[in-house]
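Architecture at a glance
Chain by chain, the residues:
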Amino acid sequence: MPPAPAGSSLEHMQATTGFPHASNQAGPAGRDDRGRPVPAPDPVVLDSVSKRYGRRRHAVQALSDVTVSFPGGTLTAVVGASGSGKSTLLQCAAGLDTPTSGTVRIAGTDLSGLSRRRLSVLRRRRVGFVFQALNLVPTLTVAENIALPLRLDGRPARKDVVTRLGEAVGIGAQLGRLPHTLSGGQQQRAAIARALITSPDVIFADEPTAALDLVTADGILGLLREAANDPRRAVVIVTHDPVAASRADRVLMLDAGQIVTEMTAPDAAAVAAVLQRQGPRR
Amino acid sequence: MMGVIAASLRRPAPLIGSLVALVLSALIIVIAASFIGTGSHATGAVDRLAAADVIVTGRQQLTVRADGGPQTVPLPDYRRVPAALAARLGSLPGARAAVPDASFPVALILPGGRVVTGTAAAPLAGQSWTSARLAPFRLIAGTPPAAPGQVVVGLQLARQGGLRTGSVVRLAGADRPALRVTGVASDGRADAASASSVFFAPAQAAALYGHPGQADLIGVIARNGTGSPALAAEVRSVTGGQYTVATGAARGAAEDPAIAGDDADIEGLGGSAGADIIVIALFVVAGTVALSVSQRHRQFALLRAVGATPGQVRRAVLAELAVLGVAGGAAGWLPGCWLARRAVRGMVGHDLLPPGAAAWTSPWLLLIAVGSCVVIGALSGLLAARRAGRAAPADALRDSAADRRWPHPVRTGLGLAGLGGSGALVVAITRGGAGTQELGTALSLLLALMVTVALLGPLLAALAELLLRLPARAGGVAGRLAMAEVASQPRRMASAFLPVALSLAFAGTVYFLDTTAGHTADVQERQRLTAAEVVTAPGPGVAPAALAAISRQPGALDVVGLTPAQITVTDPDLDTIAGEVVSGGSLPGVLDLHVTAGSLRRLAPGQIALSAVEASAGQMNAHLGSTITAWLPDGAPYRARVSAIFTRSFGFADVLIPASAAAGHLPSPAVGQILAQGGPPGALGGLRNRFPGLQVSGRQLVNAEDQQMQSQTDYLNKLILASIVLLAAITVINTLVMTTVGRRQALLLLRRVGATTGQLLGVTAWQSALLAGTGIVLGVTAGGVTLSTMTRAITGTWPYVPVTAGVALIVAVIALTLAGTLGPTVLLLRRSGADQA
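Model, not experiment: these values are computed from the prediction.

A tally of helices and strands in chain A yields 9 helices and 10 strands. Taking all 282 residues of chain A together, the buried fraction comes to 51%. Of the contacts formed within chain A by residues at least 6 apart in sequence, a portion of 69% connects residues at least 24 apart. In the structure as shown, chain A presents an accessible area of about 12,400 Å², 50% of it carried by carbon and sulfur atoms.

Take a look at the structure:
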């Protein structure tokens, strides 16, 4: 199994779980007709995706014909004013919500037409998700929360793997505690660990640092940056924070459900300026 | 997922409501199962026949073949056997003696004028001195009765009545000379037999018994060295399958044929009423579980977002309910046994069960309770589990507690269908009548209405909010906040007011059905009796000769004798109902039964009169001229043509039979009461010399059988009412506490924003007002529709709702609602205030 980038504090996770990276499994895009290797598709691809809520005069067009892909090995930040469609884009890309039109592919699999059950299985194996808050099941310990996707998949959750992953994200001492005894930052770290336990193809994080102080937020963003260093994994974060966005390889700005601007490795000031120009959603 | 389930018990708060509901269900199941077990195990004490190793009786079950298959009920009186059978049985090799036993009810007037009739459980009974050896009774003073006019009394009776050898007593109501006590006998036990036995000389006993050549039973005493089973086998070789041969504890039923009826009643109570209440419990558990699951919606959405399939979430919820079912069943087992014992003791006190009957509280009840609660939990949680499994993963991203804006179309459609179905049930009951199954039918109709209310709940909550919106604005910010919360969470509000409506509707229906029946009986009694005088006597009644004697009084116009009897009919199931045997003159002269078809002027042999309730389409479906079969107390069939239908039957009887048809088939030849019209007032008092103990009253007509049945029905209804009230009260509190605790986040947020404790309590008070108001309106509507339908079908009247009782019920519901909302809110706010400090 290909190792995680050298120096990664998460490399032991891949080396010791014995859990094959999802993208290492042979798939239809492995070789072409002549046997030549074909590059693996981007972990997440959206093609002409639109999402409308409500009907008739109460309808809200949250996404409008969005076509974008999130390549492996990248950290993408999706920014925009409130109501621009950031969270809707995230939900559709992660398979948490169904687009009104268009297609979404995760690791080459078209999500449309999948049953709820198959979608759930795909999500637990290929997608990691970090919410803004209330990430953890309140009645499970931190260790149990981290191991949850494996247990849902019927796979054993090795204690040493969970421990090492917990230590890698900085909550090794809190593994036996219940979520309500943790700080916000510790809960987010636990959520990141849970998102990583199955070595997913993509990690989505919805405003992961919104409720955190600067130092803690920086630590969280560092973990997500590190996770994106895996060439087979894409990390997508939704944020309204220019500083958080500046940690990304690419910044997509949404306005009225459409991608209006794409920036490559911008600094915080550039992101802030673009956001300022966009102004609040009317 | 099993780990997720086990982990949910670490923070059991969201599960406590469901657990409480399951514990309640376990209580009811244990009580119902205990009743069924008690009925099937109760045999009655073997007292008067203790010395008889084998007892032979007629088949005490009446079996009738009907369209739905054979139906069997116990007979209320002995199916008599030929007395000559005793001679054949006495000659068997294993038998020492065979004694025919023939007992008849008596009432003694003691030397001081006091009248002794025995107790309801052990009425005073006369029998031949030859039966004494069946106990066995032995003389401890004096001599046995050798000639008419001589009696021997039991030791307890002698002590209680101050009787001794030489005392003179009289038979109440009998046209007989006085009796002299020639001896006192004891069976060696201070038991009911010793207090209720009067022994006559054989010839006089046979005359008083009134069934020549017959006996109630034959008691066979074994020779030394012959066991009961061997003797029973010999007896069966003679009797074949024609008679019942009982040994051991089974002889208890032979000693008192009413025991079989009692057993059937308590089994029926456990079965049918228990089933109705279990369905209500299922309803309650379903509502509580739904509320618990909805309060954890985000948790289930989170599981779905992390990758749990809908099936995994569903199974988690059902497994959680199974665990709760085990816990609830175990917790409800012992309290249920305790309550069952209390209830059975009450039933013994009301002669619903034989003396000494004890509740069946086998350890099997634990298995029954746990198993049933697991099934109830799983069944009631199916919809909630499905809803949890369908939780949208995207909901994990939202922190909103708002329900969907529009009501679910399927739920609304089902609710409207339920409304239609309830309407159809109302029509069916109105047309078909409910008759003797009124309580069960009422609960079924009410359940249908409450299911409709549950399905339409969110719509009704939205409507209530709309109606209360303007008045709430007058309540300032508290009112506005309260209505805003209601408007955004109609489903949660519906879950909260449903138990309020349920408790009011069920408790009110059961209670006011009873008050209506009682009131109707009172009104009809006043309208019914037109006779100037009612003549009765203690014990079995007045000698038949009194009827002729009163008829010969100067000026007597109409003189009619009425004797209560339990008659068995198919209505449409085989059922025993209150009847009257009519003797003497023309009934309309002394009773106005409001005849709607035919005439009661002369009830001739081959004729029968029915109450309108019994004749209705849902019961016997009989009309004037129909030929039906009724069975007399000893099982003798009476095929007759319906000659009259009457409506004033409450507190009286549902069937009238001519005395000539019933002669020889009743427990006693005495006439229960004589109604007389005409003649100078007070003249009948002069007959007391001839008929000692005669009582002449103005305006009180009593059917002792119906009175006792009504008293027993009242007690059973009270038991059912108590169960429903307990279930309802705890459910209301439980659900409202759950709902209030579920608002914790919202309350704390408001406090942080700056709301004072008074304002927060004001919000809760406004919501309580909406909950209580909506619950009361719906409960009164559902209960009112049910009550009106039932009373119109049964009595033809509107419900009788005493104002005091109605107000008390509503006040109780309001108090419960406030206790379930304001109480937890105060505690929540205190605790949050302490945390912040």
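This part covers the packing of helix 2 (residues 13–41) of chain B against helix 12 (residues 364–380) of chain B. Helix-helix packing: each pair is described by the crossing angle between the helix axes and the interaxial distance. Residue and element names in this part refer to chain B. Two elements in contact, helix 2 and helix 12, have axes whose closest approach is 9 Å; the angle formed by their N-to-C orientations is 135°. For the element pair helix 2 / helix 12, the angle class is oblique. The handedness of the crossing between helix 2 and helix 12 is right-handed. Counted together, L22, S25, A26, I29, V30, A33 and S34 of helix 2 and L365, I368, A369, S372, C373, I376 and G377 of helix 12 form the full contact between these two elements. Broken down by class, the residue content of the contact of helix 2 with helix 12 amounts to 10 nonpolar, 4 polar and no charged.

Turning our attention to the interface of chain A and chain B. With 28 residues of chain A at the interface, the matching set in chain B holds 26 residues. For the pair chain A and chain B, the summed buried surface comes to about 2,500 Å²; carbon and sulfur atoms form 61% of the total. Per-residue buried area on chain A facing chain B is highest for R116(A), T139(A) and L152(A); these three make up 25% of the total on that side. Where chain A meets chain B, there are 7 residue pairs in polar contact (both at pLDDT 80 or more).

Moving on: the environment of A286(B). Within the secondary structure layout, A286(B) lies in helix 9 (residues 258–295). A286(B) sits 191 residues away from V477(B) along the chain, and the two C-alpha atoms are 35 Å apart.

Looking now at the environment of L446(B). Residue and element names in this part refer to chain B. Structurally, L446 is set in helix 15 (residues 438–455). C-alpha of L446 to C-alpha of G784: the two residues are 338 residues apart in sequence and 9.6 Å apart in space. Setting aside chain neighbours within four positions, we find L446 in contact with A505, F506, T509, A782, G783 and T786.

Residue and element names in this part refer to chain B. The full count for this structure, using the stated rule, is 6 aromatic pairs over all chains. Here the aromatic rings of Y511 and F512 are separated by 5.3 Å at their centres, their planes lie at 75°, and the arrangement is edge-to-face. Judged by its relative accessible area of 37%, Y511 falls in the partly exposed class. Relative accessible area serves as the criterion here: at 6%, F512 is assigned to the buried category. In this arrangement the basic side chain of R792 is found over the ring face of W798, its NZ or CZ atom lying 4.6 Å from the centre.

A separate point is the pattern of salt bridges. Evaluated as defined, the whole model comprises 19 salt bridges over all chains. With its nearest N and O atoms 3.6 Å apart, the salt bridge here joins D216(B) to R80(B). Of this pair, D216(B) sits in the loop between strand 15 (214–215) and strand 16 (217–222) while R80(B) sits in the loop between strand 3 (69–74) and strand 4 (81–82); the two residues are 136 residues apart in sequence, bridging distant segments of the chain. The exposure class of R80(B) is buried, given its relative accessible area of 11%. Among the ionic pairs, R296(B) bridges to E320(B), the shortest N-O distance being 2.7 Å. Here E320(B) lies in helix 11 (residues 310–349) and R296(B) lies in the loop between helix 9 and helix 10 (297–306), a separation of 24 residues in the sequence. Neither residue differs from the other here; R296(B) and E320(B) are each classed as buried. One connected set of salt bridges, linked through shared partners, spans R124(A), R125(A), D153(A) and R155(A).

Residue and element names in this part refer to chain A. Per-residue confidence for chain A gives a mean pLDDT of 83; residues scoring 70 or more make up 86%. Across residues 1–9, confidence stays below pLDDT 50; counting only partners more than four residues off in sequence or on other chains, it has 19 contacts. Counting interchain partners and residues more than four positions distant, the pLDDT-below-50 stretch residues 11–29 has 46 contacts.

In this structure, P136(B) follows A135(B) across a cis peptide bond, with omega equal to -5°. Looking at where P136(B) falls in the secondary structure, it is placed in the loop between strand 9 (125–128) and strand 10 (138–142). Backbone geometry at D65(A) places phi at a positive 55°, although glycine is not the residue there. Mapped onto the elements, D65(A) comes out in strand 2 (residues 60–70). Notably, A265(A) is not glycine yet its phi reads approximately 45°, a positive angle. Turning to its location among the elements, A265(A) is positioned in the loop between strand 10 (258–264) and helix 9 (268–278). According to the relative accessible area criterion, A265(A) is exposed, its value standing at 53%.

Let us now look at the nonpolar core. L46(A), F204(A), M450(B) and F506(B) are the most contacted members of the largest nonpolar core, which totals 126 residues. Residues within four places of F506(B) in sequence aside, it is in contact with I280(B), L443(B), L446(B), L447(B), M450(B) and I724(B). If you look at the next biggest cluster of nonpolar residues, it comprises 44 residues, including V130(A), A190(A), A193(A) and V271(A).

Quick look at the environment of P74(B) now. All names here are of chain B. For P74, the location among the structural elements is in strand 3. With relative accessibility at 17%, the residue P74 sits in the buried group. The spatial distance from the C-alpha of P74 to the C-alpha of L62 is 6.0 Å, given a sequence separation of 12 residues.

With that settled, the discussion passes to helix 7 (residues 228–239) of chain B. Residues and elements named next belong to chain B. A rise of 1.5 Å per residue sets the reference length of helix 7, with its 12 residues, at 16 Å; its end C-alpha atoms lie 16 Å apart and thus fit the reference within 8%. By the burial criterion, the buried members of helix 7 are L231, A232, V235 and T239. An end-on view of helix 7 places all buried positions within 100° of arc, on one side of the element. The exposed set on the far side of helix 7, more than 90 degrees from its buried face, consists of P229 and S237.

Here we take up the sheet that holds strand 8 (residues 234–238) of chain A. All names here are of chain A. If you walk across this open sheet you meet the 6 strands as 6-7-8-3-9-10, and the pairing is mixed. Across the chains shown, the open sheet's two edge strands, defined by having one partner strand only, are strand 6 (127–130) and strand 10. When the angles between neighbouring strand axes are averaged without regard to direction, this sheet yields 20°. The sheet contact formed by strand 6 and strand 7 (residues 202–206) spans 4 bridges and is parallel. Its bridge partner lying in strand 7, G128 is registered against I203. Docked against the sheet, helix 2 (residues 86–93) engages strand 3 (74–80), strand 6, strand 7, strand 8 and strand 9 (250–255), running at close to 150° with respect to strand 7. The sheet strands contacting helix 9 are strand 3, strand 9 and strand 10, and the helix crosses strand 9 at an angle near 5°.

Residue and element names in this part refer to chain B. Of all residues in chain B, 91% have pLDDT values of 70 or greater, and the mean over the chain is 85. By mean pLDDT, the top-scoring element of chain B is strand 25 (residues 655–658) (96), and the lowest-scoring one is helix 1 (residues 2–8) (69). In the model output, the complex is listed with pTM 0.75 alongside ipTM 0.77.

Cut-offs applied
- Residues numbered from 1 in each chain as written.
- Chains lettered and ligands numbered in written order.
- Predicted model: local features only at pLDDT ≥ 70, side-chain atom pairs only at ≥ 80, totals over all residues.
- Heavy atoms only, no water.
- Helix = DSSP H or I, 4+ residues; strand = E, 2+ residues; numbered from the N terminus.
- Buried < 20%, exposed > 50% of the residue type's maximum accessible area, 1.4 Å probe, protein only.
- Contact = heavy atoms within 4.5 Å.
- Areas by Shrake-Rupley, 256 points an atom, 1.4 Å probe, with all protein chains shown as cover.
- Axes fitted to C-alpha atoms, helices over the stretch in contact; angles between N-to-C directions.
- Parallel < 35°, antiparallel > 145°, perpendicular 65-115°, else oblique.
- Left-handed = near helix turned anticlockwise from the far one by under 90°.
- Nonpolar A, V, L, I, M, F, W, Y, C, P; charged D, E, K, R; others polar.
- Buried area = accessible area lost by both parts, 1.4 Å probe.
- Polar contact = N/O pair within 3.5 Å; in protein donor to acceptor, adjacent residues only side chain to side chain.
- Phe/Tyr/Trp six-rings, centres within 6.5 Å; stacked < 30°, edge-to-face > 60°.
- Lys NZ or Arg CZ within 6 Å of the ring centre and 35° of its normal.
- Salt bridge = Lys/Arg side-chain N within 4 Å of Asp/Glu carboxyl O.
- pLDDT = per-residue confidence, 0-100.
- Core = buried A, V, L, I, M, F, W, Y, C linked by side-chain atoms within 4.5 Å.
- Expected span 1.5 Å × (residues − 1).
- Arc of directions from axis to C-beta.
- Pairing = 2+ DSSP bridges.

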